[in-house]
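Results of the structural survey
If you want the building blocks of each chain, they are given just below.
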There are 8 protein chains.
Amino acid sequence: MKREVLAELLEAVKSGGVSTSDALEQLARLPYEDAGMAKIDHHRTLRLGLPEVIYAEGKTPEQVAEIFRRMADRGGAVLATRAGAEAWNAVKAQVQDAEYHALARVIGLRERHAATLHLGPIAVVCAGTSDLPVAEEAAVVAEYLGVKVSRIVDVGVAGLHRILSQREALAEARAVIVCAGMEGALPSVVGGLVAAPVIAVPTSVGYGAAFGGLAALLGMLNSCSPNVTVVNIDNGFGAAYVAAMMLRAGAKSA
Amino acid sequence: MKREVLAELLEAVKSGGVSTSDALEQLARLPYEDAGMAKIDHHRTLRLGLPEVIYAEGKTPEQVAEIFRRMADRGGAVLATRAGAEAWNAVKAQVQDAEYHALARVIGLRERHAATLHLGPIAVVCAGTSDLPVAEEAAVVAEYLGVKVSRIVDVGVAGLHRILSQREALAEARAVIVCAGMEGALPSVVGGLVAAPVIAVPTSVGYGAAFGGLAALLGMLNSCSPNVTVVNIDNGFGAAYVAAMMLRAGAKSA
Amino acid sequence: MKREVLAELLEAVKSGGVSTSDALEQLARLPYEDAGMAKIDHHRTLRLGLPEVIYAEGKTPEQVAEIFRRMADRGGAVLATRAGAEAWNAVKAQVQDAEYHALARVIGLRERHAATLHLGPIAVVCAGTSDLPVAEEAAVVAEYLGVKVSRIVDVGVAGLHRILSQREALAEARAVIVCAGMEGALPSVVGGLVAAPVIAVPTSVGYGAAFGGLAALLGMLNSCSPNVTVVNIDNGFGAAYVAAMMLRAGAKSA
Amino acid sequence: MKREVLAELLEAVKSGGVSTSDALEQLARLPYEDAGMAKIDHHRTLRLGLPEVIYAEGKTPEQVAEIFRRMADRGGAVLATRAGAEAWNAVKAQVQDAEYHALARVIGLRERHAATLHLGPIAVVCAGTSDLPVAEEAAVVAEYLGVKVSRIVDVGVAGLHRILSQREALAEARAVIVCAGMEGALPSVVGGLVAAPVIAVPTSVGYGAAFGGLAALLGMLNSCSPNVTVVNIDNGFGAAYVAAMMLRAGAKSA
Amino acid sequence: MKREVLAELLEAVKSGGVSTSDALEQLARLPYEDAGMAKIDHHRTLRLGLPEVIYAEGKTPEQVAEIFRRMADRGGAVLATRAGAEAWNAVKAQVQDAEYHALARVIGLRERHAATLHLGPIAVVCAGTSDLPVAEEAAVVAEYLGVKVSRIVDVGVAGLHRILSQREALAEARAVIVCAGMEGALPSVVGGLVAAPVIAVPTSVGYGAAFGGLAALLGMLNSCSPNVTVVNIDNGFGAAYVAAMMLRAGAKSA
Amino acid sequence: MKREVLAELLEAVKSGGVSTSDALEQLARLPYEDAGMAKIDHHRTLRLGLPEVIYAEGKTPEQVAEIFRRMADRGGAVLATRAGAEAWNAVKAQVQDAEYHALARVIGLRERHAATLHLGPIAVVCAGTSDLPVAEEAAVVAEYLGVKVSRIVDVGVAGLHRILSQREALAEARAVIVCAGMEGALPSVVGGLVAAPVIAVPTSVGYGAAFGGLAALLGMLNSCSPNVTVVNIDNGFGAAYVAAMMLRAGAKSA
Amino acid sequence: MKREVLAELLEAVKSGGVSTSDALEQLARLPYEDAGMAKIDHHRTLRLGLPEVIYAEGKTPEQVAEIFRRMADRGGAVLATRAGAEAWNAVKAQVQDAEYHALARVIGLRERHAATLHLGPIAVVCAGTSDLPVAEEAAVVAEYLGVKVSRIVDVGVAGLHRILSQREALAEARAVIVCAGMEGALPSVVGGLVAAPVIAVPTSVGYGAAFGGLAALLGMLNSCSPNVTVVNIDNGFGAAYVAAMMLRAGAKSA
Amino acid sequence: MKREVLAELLEAVKSGGVSTSDALEQLARLPYEDAGMAKIDHHRTLRLGLPEVIYAEGKTPEQVAEIFRRMADRGGAVLATRAGAEAWNAVKAQVQDAEYHALARVIGLRERHAATLHLGPIAVVCAGTSDLPVAEEAAVVAEYLGVKVSRIVDVGVAGLHRILSQREALAEARAVIVCAGMEGALPSVVGGLVAAPVIAVPTSVGYGAAFGGLAALLGMLNSCSPNVTVVNIDNGFGAAYVAAMMLRAGAKSA
């Protein structure tokens, strides 16, 4: 669109319909970033095939359904995170092909001719069963982003044999997402077992001095394994997004 | 002493030298706790053979030396913790038999006829070499309290094989003291490996979001291993004291 | 099970059915920790007779009941902590012999031929009546772990005679669990009265600058009594578990 | 002075030298607070005989000496708190009758015809010897404010007999200042022993999770003894000032 | 009671019915503090005429009513703080003469022959109308403790003329309780206006960076007026108790 | 009014009806601030035409309606902030001309002959749609204060082209209010784009380590753009008030 | 420069030397922001006459002097804040006309033909003498920015008459900067006295629970005066910059 | 080694020298993790060619030099981070080929036949010149890990044109490391400009409410750009390590 405007202007300059000095003024005042930046954004979406994402928390079911439907109409993939049952009911009434992942609280719509899971694999690891909703948000989102996911559940550090018995699955992973609440020690342990980046997700699981995930967050930021990075508390979505970004960017560099 | 005063008073009542109502008054006003409480304290020291302890931080070398000498004159064991080289120079000029443990910053004087290390063994574990001073404070103090100590050094969770290779030493321990800074994950891992109480000592090792030991402290308080308890940041002395107390109290119950 | 796999492999080596170099490869890749670590875990449970524990918070009544029933079917003791009335209703419909301790919010099932209370005694002390639920969680759990418990209630430091009048019960205790909210001063006072380890449990009782138990937690971590260790806020279960661990470990060392 | 200005104006109105409307304007613009408020301040100082106080921290020795000398010249009592040896050297060179209280870090000058210690007595209690400088600041300042002080030292709650043996001194006190670091439990215990207000002073004594006095501060704010109030960390001066204020105000109400 | 036991023992010693050595043993084991400390407590209640106080928060209406009735039966004054409408309904069904102060959330029962308001006066000041419930808790409790109260409402520092116009009432006060949320600046301003102790009560009024009263609490602890002390957030009861204690203790010293 | 009292007194002095010394006493005791300060307040309202503002949070709908009606009766403009639907229902039943701004949660009543929007313009910018309620509170309040407002919505820094495309609107603004939650980065970016003061409003939008707006608040306080100032979390009202004050004060100085 | 490039391109299009599609590509890739944004920046500096500012903290004296000299060579005004004596010595050796404001720690160089102080006046108020360096930084910087400044010193809220006596100076101010440490109450009080925006600067003055300026910062953010905004702790420079920005922006709107 | 032991055992089983049941026992007790885990570690180092890293902070120059020399003797690459000039002097005296990067405080030794920079490129971006040491630590470490680095300096968000003019360099980056102190807003802005993972490094640059990097840390954790992850404050090393890990793991998946 913007591109067309530019083309028209240039044609007018060529044809003499607009003087170069007038054109110069127009270009100097051009809200270029609308064109330029949006183009980049557009390019990125096209190249990466990333679905658009709705953060459903704090929106009414009707709002979520309306936005979802509009995005679906544009034909690409759509995701809504932090979506409860009511939001799901509203969405499915409007968009037939949408799917609901209840534990992950994610509503998704795949592109019609979406590629298979062609990136990864990654592992999504969680310390306890209470961390599962966050881990599932990460796993489901990663799959919508085209990443193959291996789920490893309930492998907290108090019983090391549980995580140690998963070393083969971990060894295959190109990136590992580790979700843990309480003391948040699992990323450090996993970080020592793999030759891949570890994306740590502190969860709000715990009580008392867990302070809503603060203990796990601080633990992960201070990890003695140097291959650990951290995202916000309960941010399974962000971890999946970063993992997909890593795989795509890494693929480019090969 | 106090006991004698009481005995005298009762004799005086018996002989009629003091009326019962006067005795009643005296007893009601008796600073009983001086007798009673001090006696308990005295009993405890006698029974446990615990040395008296000086916290040297914030005292001048002269003050440390003076207190140390007075305690030594009473004939029992003496300990000074958080004692630097200057305090040690001051003490050794006054008390010939004292010994200095530089890394632990502990000055000690053993009882002349002290029992051998008859309690334990315990293990004192530390995550990294930077945690060593705290671990040594724990180990040295425990030994002065009659506990046999097995030292396990530099076994942080980023390389699990290091702690796993120490399982035999851990299995023998009646209690385990674990010192760790940064994310403080080691106590949870050790807690899962042993059938003994774990006393976790967060250390101030780390930087940035370690916040002077706060991250490790919160991590340990939220340990997913239920056999973990926690003492103050850098409090190696307290951990050793509690471990000795456990072993003595446990011995009583056998 | 795993053991059988190993035995089979060795027999095959002996019989020549598998070459030593092939066996070597298999052993090198063996997920040994499944065997080894699980065995240790198994050993520990057998040796200590510890019941399995379900943390009911955040689980549906149905989930708690289902897990409880499965564990009960295996014949050992079972505990569920932080269990409300609804969880209890779900469990008792499935497991006839289960018992509910409403104040402690603990559901328990004793082993059929469980030993009597053969460890301890310990004292469970609480500062105010509001701290009772946490104290009862500790007391009930300790009893399920085979520990004899002496309960001492409402002995806050603002009226010292209350705790002083309990000195005999305290003197007998092999370990003392002290639950207190607000300023959390009771463990320091009790620590000075006994020659046993004190496990301090900060509670979330209080308001304003109590900050959900933070004030009590910090107070206990800074206790001037060196025989005090600390567990997480409201963690009555953990305190009982540590106390039982101490007594067992101590018994071994006798 | 100001009063005179007002009187003059009114006389001028009466004599017709100033019209009422002009006087009205003058009165409306009158910086009354200069008169009124300053008068109150003046009255307060006169009535209470309170010395003027210099907070020496962050001032050069020369500045402290200069301000001290000027105040001394006006003939009343003067106090400088948080004053080190250098400030003292500077002051004594200028004001002959000044006295230095090294432990309390207070420089004082008594009024020539100052009343004897006619208020109180109060007790100034400190938990450990490290709290002594703060306690001495409180005690010395209280004495300069005309209050009789009974010092009670090293009576921390880990050895209750120490504070219990001081009950007589405590019983006589009209107010009790309690200085304590670490867990700050002593004010609660003292609060339960006396029928007088307790002014709690948290000190920065401690390490690790003491967080520079925060643990003691929170503990004292959450005291289970309802007769406890709190001042800032290490604020011995403030505690003494409040105690004096209480005694004076109380005296008025008798 | 206890006293009688002692008297009997002494008579038995005198008469020879008990040997002095047996008596010595009994005395050494005597739970003296039961006698001694309880006596003090008893004395204090008698001397001060303080009603017993129930903290109703976290208790069921039935529990509050039951405790209230029992205390009322003993004939003295009774107070329940933090009591909602339901607790009040339960209490009034059991204790006819009880009164409810809805804004203050206090239930009270006066002693039949209670003295008139013979102490004070004090002023209870609050910054905004939202602080009123805390201020009323302070005012009502103070009145039950025999203190005459002058209420000063809605005099926040953003409109100084409001507090300045109350200077006469403030000047008469023997102590001033100041309740303020948000930035908590009012106690400093009041502290500069009066020659009496100021008891500052931070309230949880505010939002955002008020952090539930933390901003007001820190402000009050750092007051530049030296006659300010602080109690816990929303602790109107404590402020009233301390004020009453001051007046009584002050009266003694006159 | 007060002025009349003064005038009368002065006339009486002039006429001799009141002696100068009596007048002096009256003037010395005069609650001058009632006159003086209230006059200033009155002047300010008159001069600025600022409506009176009711903070509705924590008040019952009836209370809000009652206060609103009384203020409306006095004939000026009235505002109620943080007002929900129930408060609105109560107000509109009493004050016909009131208007409700649902998203902003503001109830307003314009002065009958109110000036048009004669100040500004300012821009009110918000980072995301979740920040809209706070931004609308700011925008609506500013308009009631006579300021022309340009709304710029959903221009978070993750897509710079959105804010860059609004540079013309920003360039016209005499002041910019920027509302942002999460990391709160938008004010810094806007600050670099404009030659006007930026008033940053952190919002409580976010989760986890957003800590209820703390992350945004700290970010804004540390802004690398020197033209940024900050108000409390979610304080749209305050930002609008400050902006209006700036424009009025600036206008004066021209 | 950039403009020329554009002009050239357009001429080439016109002359047919570049095809419109090639020109379109070039325009789409144009690093427009280099031209556009920098131009805006340039415009802003020219229009406002703002000096360039060096933050000297963390730079060596040589670095400060070198940057200062280069800026001075370009002929405009220059400021260096947080500059100690050593930085000053280095600067004055290189730039003869520079001036040093020791208390403010500001080095300045005025433009040769700088306008007189043509904006304002503003008032810079500080609560205590310890806040003076921060207040002086604000005052000196404001003067370099062309603002007339009225200094009001040592008017803390504990003695209200001090600030009340300055009401005339305050009333003239178009904006007021208030610097205060400890409880930070002064901005609320000043905010109530003036009809102008108040820029509050919390200072790190204080000890204990002042927590390095946190208490003052929170107090100011929660000010009950709605015309108060806040900048970072000790950020006198920022406050002055914002005040100047307000006055310039306000002037535009007149 | 360990492998040999296993081989021997298997041969003995085959030859009948050891019974299968005895072999089973030996295998069950085998400290397998020594072999297995260490082998993995070894493999990882071989495969990735990662140098060994010494954290020099808290070690004496002699200790750093000694460890460095030993590692160098083994022939591989070596890195020491947080190394000051004294550590460098000690190292260069022992290891001739070592190099010092003063700004980054890194001492490095390249492998003799090290590969060229074959991974990447990545961009290392820093907000201000004060963040340079952290950014250089990241850049230098990344280069030692075989990653090509593009440095982008001083592009803080207050002047957007600076970062926007670097879009080409950013677009080429496979991963972007962003170092920023103060409000830490730069990663969000960069995150919106690139289709690559952003590793955010909060720095301790700033003062007042920056709280040693906490403000930047919280800002980054709450980034509205979903491709942002975070490491500890000032942890340039960790960011580089993660970036290298990403590129290697990504390369594998291509």
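Residues numbered from 1 in each chain as written. Chains lettered and ligands numbered in written order. Predicted model: local features only at pLDDT ≥ 70, side-chain atom pairs only at ≥ 80, totals over all residues. Heavy atoms only, no water.

Across the boundary between the two partners, chain E contributes 23 residues, which contact 24 residues of chain G. Our count for the chain E to chain G interface comes out at eight residue pairs in polar contact (both at pLDDT 80 or more). Those elements giving two or more residues to the side of chain E that touches chain G turn out to be helix H7 (160–164), helix H9 (186–193) and helix H10 (214–221) of chain E. Per-class residue counts for the side of chain E that touches chain G are 16 nonpolar, six polar and one charged. (Contact = heavy atoms within 4.5 Å. Polar contact = N/O pair within 3.5 Å; in protein donor to acceptor, adjacent residues only side chain to side chain. Helix = DSSP H or I, 4+ residues; strand = E, 2+ residues; numbered from the N terminus. Nonpolar A, V, L, I, M, F, W, Y, C, P; charged D, E, K, R; others polar.)

Quick look at the packing of helix H4 (residues 61–73) of chain F against helix H5 (residues 85–92) of chain F now. All names here are of chain F. Relative orientation of the contacting elements H4 and H5 amounts to 40°, with a least axis distance of 8 Å. Comparing the axis directions of H4 and H5 gives the class oblique. Classified by chirality, the crossing of H5 by H4 is right-handed. Residue-level inspection shows Pro-61, Val-64, Ala-65 and Phe-68 of H4 in contact with H5, the latter providing Glu-86, Ala-87, Ala-90 and Val-91. Of the residues in the contact of H4 with H5, the class split is seven nonpolar, no polar and one charged. (Axes fitted to C-alpha atoms, helices over the stretch in contact; angles between N-to-C directions. Parallel < 35°, antiparallel > 145°, perpendicular 65-115°, else oblique. Left-handed = near helix turned anticlockwise from the far one by under 90°.)

On to the pairing of strand E4 (residues 106–109) of chain G. All names here are of chain G. By the alternation rule, side chains of E4 split into Val-106 and Gly-108 and Ile-107 and Leu-109, which are all buried. In this structure, strand E2 (residues 78–81) lies alongside E4, joined through three bridges in antiparallel fashion. Bridge pairing links Ala-80 to Ile-107 in E4. In terms of strand pairing, strand E3 (residues 99–101) meets E4 through three bridges, oriented antiparallel. For Glu-99, the partnering residue across the bridge sits in E4 and is Gly-108. In textbook terms, the turn of a hairpin is the stretch between consecutive antiparallel strands, and for E3 and E4 this stretch comprises four residues, one of which, Arg-105, has a positive phi near 55°. (Buried < 20%, exposed > 50% of the residue type's maximum accessible area, 1.4 Å probe, protein only. Pairing = 2+ DSSP bridges.)

Okay, helix H4 (residues 61–73) of chain H next. All names here are of chain H. For H4, which comprises 13 residues, the first-to-last C-alpha distance of 18 Å matches the rise-based estimate of 18 Å (1.5 Å per residue) to within 8%. Taken as a whole, H4 has its buried residues at Val-64, Ala-65, Phe-68, Met-71 and Ala-72. The buried residues of H4 all sit within an arc of 135° when viewed along its axis, so they share a single face. The outward face of H4, more than 90 degrees from its buried face, is lined by the exposed residues Glu-62, Arg-70 and Asp-73. For H4, the secondary structure elements touched by its buried residues are strand E1 (52–55), strand E2 (78–81), helix H5 (85–92) and strand E4 (106–109). One or two steps after H4, the chain reaches Gly-75, where phi turns positive at roughly 95°. (Expected span 1.5 Å × (residues − 1). Arc of directions from axis to C-beta.)

Residue and element names in this part refer to chain A. Here chain A averages 84 in pLDDT, and 83% of its residues register 70 or above. Mean pLDDT per element in chain A: helix H3 (residues 32–48) is the minimum at 37, and strand E8 (residues 198–202) is the maximum at 98. In the model, residues 29–48 has pLDDT below 50 throughout and makes 38 contacts with residues more than four positions away in sequence or in other chains. In the model output, the complex is listed with pTM 0.86 alongside ipTM 0.82. (pLDDT = per-residue confidence, 0-100.)

With that settled, consider the relation of the copies chain E and chain G. Mapping chain E onto chain G calls for a rotation angle of 179° and an axial translation of 0.1 Å; the resulting RMSD is 0.5 Å. Such values leave the two copies arranged in the relation of a two-fold axis. Nearest to the rotation axis, the C-alpha of Ala-185 of chain E is located 2.6 Å from it, this being the minimum over chain E. Interface residue correspondence from chain E to chain G reaches 100%, placing this contact among same-surface, isologous pairings. (Least-squares fit on C-alpha atoms with pLDDT ≥ 70 in both.)

Moving on to the domain arrangement of chain A. Residues and elements named next belong to chain A. Here the domain parsing of chain A yields domain 1 (3–109) and domain 2 (119–253). Between domain 1 and domain 2, the residue contacts involve 15 residues of the former and 14 residues of the latter. The tally of links from domain 1 across to domain 2 stands at one salt bridge. Two residues, Arg-82 and Glu-137, come together in a salt bridge whose shortest N-O distance is 3.4 Å. Contributing elements (two or more residues each) for the side of domain 1 that touches domain 2: H3, strand E2 (78–81), strand E3 (99–101) and strand E4 (106–109). Ranked by residues supplied to the side of domain 1 that touches domain 2, first place goes to E4 with three residues. Across the side of domain 1 that touches domain 2, the residue classes break down as nine nonpolar, three polar and three charged. (Domains from an automatic or database assignment. Salt bridge = Lys/Arg side-chain N within 4 Å of Asp/Glu carboxyl O.)

Bringing the environment of Gly-58 of chain E into the picture now. All names here are of chain E. Inspection of the secondary structure puts Gly-58 in the loop between strand E1 (52–55) and helix H4 (61–73). Residue Gly-58 is classed as exposed on the basis of its relative accessible area of 81%. C-alpha separation for the pair Gly-58 and Ala-83, spaced 25 residues apart in sequence, amounts to 9.7 Å.

Another aspect to go through is the sheet that holds strand E3 (residues 99–101) of chain H. Paired through backbone hydrogen bonds, the strands of a sheet run either parallel or antiparallel to each other. Residues and elements named next belong to chain H. Read across the sheet, four strands follow the order E1-E2-E4-E3 without closing on themselves; strand pairing throughout is mixed. Each of the sheet's edge strands pairs with one partner strand only, and the pair in question is E1 and E3. On average, adjacent strands in this sheet sit at an angle of 20° to one another, irrespective of strand direction. Contacting E2, E3 and E4, helix H6 (residues 132–144) runs over the sheet at an angle of about 10° to E4.

Let us now look at the nonpolar core. Of all hydrophobic cores here, the largest spans 264 residues; its most connected members are Ile-163 of chain C, Ile-163 of chain D, Ile-163 of chain E together with Ile-163 of chain G. Not counting residues up to four positions away in its chain, the partners in contact with Ile-163 of chain G are Val-125, Val-155, Leu-170, Leu-186, Val-189, Val-190 and Leu-193 of chain G. (Core = buried A, V, L, I, M, F, W, Y, C linked by side-chain atoms within 4.5 Å.)

All chains considered together, the criterion is met by zero disulfides over all chains. Here Cys-224 of chain C stays unpaired: no disulfide links it, and the sulfur of Cys-126 of chain D, its closest cysteine neighbor, is 12 Å away. Exposure remark for Cys-224 of chain C: the relative accessible area of 29% places this residue in the partly exposed category. Cys-179 of chain H forms no disulfide, and the closest cysteine sulfur to it belongs to Cys-126 of chain H, at a distance of 6.6 Å. What makes Cys-179 of chain H buried here is its relative accessible area of 0%. (Disulfide = S-S within 2.5 Å.)

A few words now on unusual backbone geometry. Geometrically, the link from Gly-120 of chain A to Pro-121 of chain A is a cis peptide bond, its omega value of 5° lying close to zero. Here Pro-121 of chain A lies in strand E5 (residues 119–126). The backbone phi angle of Met-182 of chain F is positive, close to 45°, even though this residue is not glycine. Phi is positive for Asp-154 of chain G, close to 65°, though the residue is something other than glycine. By the element assignment, Asp-154 of chain G lies in the loop between strand E6 (147–153) and helix H7 (160–164).

On to helix H10 (residues 214–221) of chain D. Along H10 of chain D, seven of the eight residues are buried, which leaves the element largely enclosed by surrounding structure. Every buried residue of H10 of chain D is listed here: Ala-215, Ala-216, Leu-217, Leu-218, Gly-219, Met-220 and Leu-221 of chain D.

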